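# Descriptive analysis of the structure
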Amino acid sequence: KQEVTQIPAALSVPEGENLVLNCSFTDSAIYNLQWFRQDPGKGLTSLLLIQSSQREQTSGRLNASLDKSSGRSTLYIAASQPGDSATYLCAQGDSWGKLQFGAGTQVVVTP
Amino acid sequence: ETGVTQSPTHLIKTRGQQVTLRCSSQSGHNTVSWYQQALGQGPQFIFQYYREEENGRGNFPPRFSGLQFPNYSSELNVNALELDDSALYLCASSSGTGADYGYTFGSGTRLTVV
């Protein structure tokens, strides 16, 4: 059974610190890995999409890496801000676009 | 360019009733997927529609059904509601099927079954 795991389930950091969020997946035939942000009671906002042929993607303060051999992806958020407080979800995509999600990491950035 | 719009935003139903949730896909997108997100969990794939045909289904019973219309908007129907159906239902659209396409998600419909 394919699984996506995110550890830790929750994380609290002071403003200005860098955030490191981890995602593990079991499907070595992964087609892509996506990171999403979810605010309480809201839908998902796509942050970064890494194709299986890529090793990382960057957007502003966000950087995501993908290591298929170890089944891991890491999302780095530099110089965290209170506005970064949200739940971050990773999802592996298969060949026809179905996403399998982890349970998410809830992040709180304190001023 | 409009995003993905879902209606209604909140809904309360009684066990055993039927419900229809609606989704308008982003302009230019022909693929719609539906996900169920229980409290504290990640979204679970229900099914995907591509050009009005079901294009894949997750581990959900037949009482979960869907439709996609010629304008690529979509409906999710759930019959014989159970308490465990209480969840946030998310719709996502894409400009194609397959791993090369990213998804745009709507804000979801919060369904409460009492």
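The structure contained in this document is the topic of the report that follows. (Residues numbered from 1 in each chain as written. Chains lettered and ligands numbered in written order. Predicted model: local features only at pLDDT ≥ 70, side-chain atom pairs only at ≥ 80, totals over all residues. Heavy atoms only, no water.)

## Things to note about the pattern of salt bridges
Pairs can form between side chains of opposite charge once their charged atoms are near each other. Residues and elements named next belong to chain B. Heads up, the rule is: Note on definitions: salt bridges are taken to be side-chain nitrogens of Lys or Arg within 4 Å of carboxyl oxygens of Asp or Glu. Numbering of helices and strands runs from the N terminus; a helix is a DSSP stretch of H or I covering at least four residues, while a strand is a stretch of E covering at least two. The buried label goes to any residue with under 20% of its type's maximum accessible area, the exposed label to any with over 50%, and the partly exposed label to all in between, with areas taken from a 1.4 Å probe on protein chains only.
In this structure the tally under the stated criterion is six salt bridges over all chains. For E82, the salt bridge is made with R63, and the minimal N-O distance between the two is 3.3 Å. Pair noted here: E82 is in the loop between strand 8 (74-78) and strand 9 (87-94) and R63 is in the loop between strand 6 (53-57) and strand 7 (64-68), with a separation of 19 residues, a long-range link. On the accessibility criterion, E82 (40% relative accessible area) is partly exposed. Linked by salt bridges that have partners in common, R63, E82 and D85 make up one network.

## Examining the sheet that holds strand 1 (residues 4-7) of chain A
Residue and element names in this part refer to chain A. Spelled out, the test is: Note: two strands are recorded as paired if DSSP finds a minimum of 2 bridges between them. Throughout, an axis means a line fitted to C-alpha atoms (over the contacting stretch in the case of helices), and angles, computed between N-to-C directions, take values from 0 to 180 degrees.
The strand order across the open sheet built from five strands is 1-3-8-7-6, with neighbouring strands paired in antiparallel fashion. The open sheet has two edge strands with one neighbour each: strand 1 and strand 6 (56-59). If you compare each strand with its neighbour and ignore which way they point, the axes differ by 15° on average. Pairing geometry for strand 3 (residues 19-25) and strand 8 (residues 72-77), over six bridges, is antiparallel. Bridge pairing in strand 8 links N22 to T74.

## Some details on the state of the cysteines
For clarity, the cut-off: Any two cysteine sulfur atoms lying within 2.5 Å of each other are counted as a disulfide.
Considering all chains together, one arrives at two disulfides over all chains under this definition. Linked covalently through their sulfurs, C23 of chain A and C90 of chain A form a disulfide whose S-S length is 2.0 Å. Looking down the S-S bond of the C23 of chain A and C90 of chain A bridge, the torsion is 80°, so its handedness is right-handed. Residue C23 of chain A is found in strand 3, and its partner C90 of chain A is found in strand 9 (residues 86-93); the two are separated by 67 residues along the sequence. With a sulfur-sulfur separation of 1.8 Å, C23 of chain B is cross-linked through a disulfide to C91 of chain B. The sign of the -60° torsion about the S-S bond sets the C23 of chain B-C91 of chain B disulfide as left-handed. Linking C23 of chain B in strand 3 (residues 19-24) with C91 of chain B in strand 9, this pair joins segments that are 68 residues apart in sequence. What makes C23 of chain B buried here is its relative accessible area of 2%.

## A few points about the environment of F105 of chain B
This is how it is decided: Contact definition: two residues touch when any of their heavy atoms are within 4.5 Å.
Within the element layout of this structure, F105 of chain B appears in strand 10 (residues 104-105). Of the residues examined, F105 of chain B reaches a relative accessible area of 9% and is grouped as buried. For the pair F105 of chain B and C91 of chain B, spaced 14 residues apart in sequence, the C-alpha separation works out to 5.8 Å. Not counting residues within four places of it along the chain, the set of residues in contact with F105 of chain B comprises F36, L44, L99 and F101 of chain A together with V4, Y35, L90, C91 and A92 of chain B.

## Overview of the nonpolar core
What counts is decided by this rule: Definition of nonpolar core: a set of buried residues of the types Ala, Val, Leu, Ile, Met, Phe, Trp, Tyr and Cys, connected through side-chain atoms within 4.5 Å.
L33, W35, L75 and Y88 of chain A are the most contacted members of the largest nonpolar core, which has 21 residues in total. The biggest single contributor to this core is strand 3 of chain A, with four residues. Residue contacts for L33 of chain A: discarding those within four places in its chain leaves C23, F25, L48, L49, I50, L66, S73, C90, A91 and Q92 of chain A. If you look at the next biggest cluster of nonpolar residues, it comprises 19 residues, including V4, A87, L111 and V113 of chain B.

## Regarding unusual backbone geometry
In this structure, P8 of chain A follows I7 of chain A across a cis peptide bond, with omega equal to 0°. Along the chain, P8 of chain A turns up in the loop between strand 1 and strand 2 (10-14). The step from S7 of chain B to P8 of chain B runs through a cis peptide bond, and the omega angle for that step is -10°. With a phi angle near 45°, A79 of chain A is a residue other than glycine that sits in the positive phi range. In this structure, A79 of chain A sits in the loop between strand 8 and strand 9. Under the relative-accessibility criterion, A79 of chain A is labelled partly exposed at 38%.

## Section: the interface of chain A and chain B
Rules: Here the quantity called buried area is the accessible surface, traced with a 1.4 Å probe, that two parts lose on coming together, added over both. Side-chain atoms alone can form a polar contact between residues adjacent in sequence; in general such a contact is a pair of N or O atoms within 3.5 Å, and within protein one must be able to donate a hydrogen while the other accepts it.
Each partner contributes residues to the interface: chain A has 22 residues there, and chain B has 23 residues. Interface of chain A and chain B: buried area, both sides summed, is about 1600 Å²; carbon and sulfur atoms make up 57% of it. Together, L44, W96 and F101 of chain A form the three largest contributors to the area buried by chain A at its contact with chain B, with a combined 32%. For the interface between chain A and chain B, the tally reads zero salt bridges. Summed over the shared surface of chain A and chain B, the result is four residue pairs in polar contact (both at pLDDT 80 or more).

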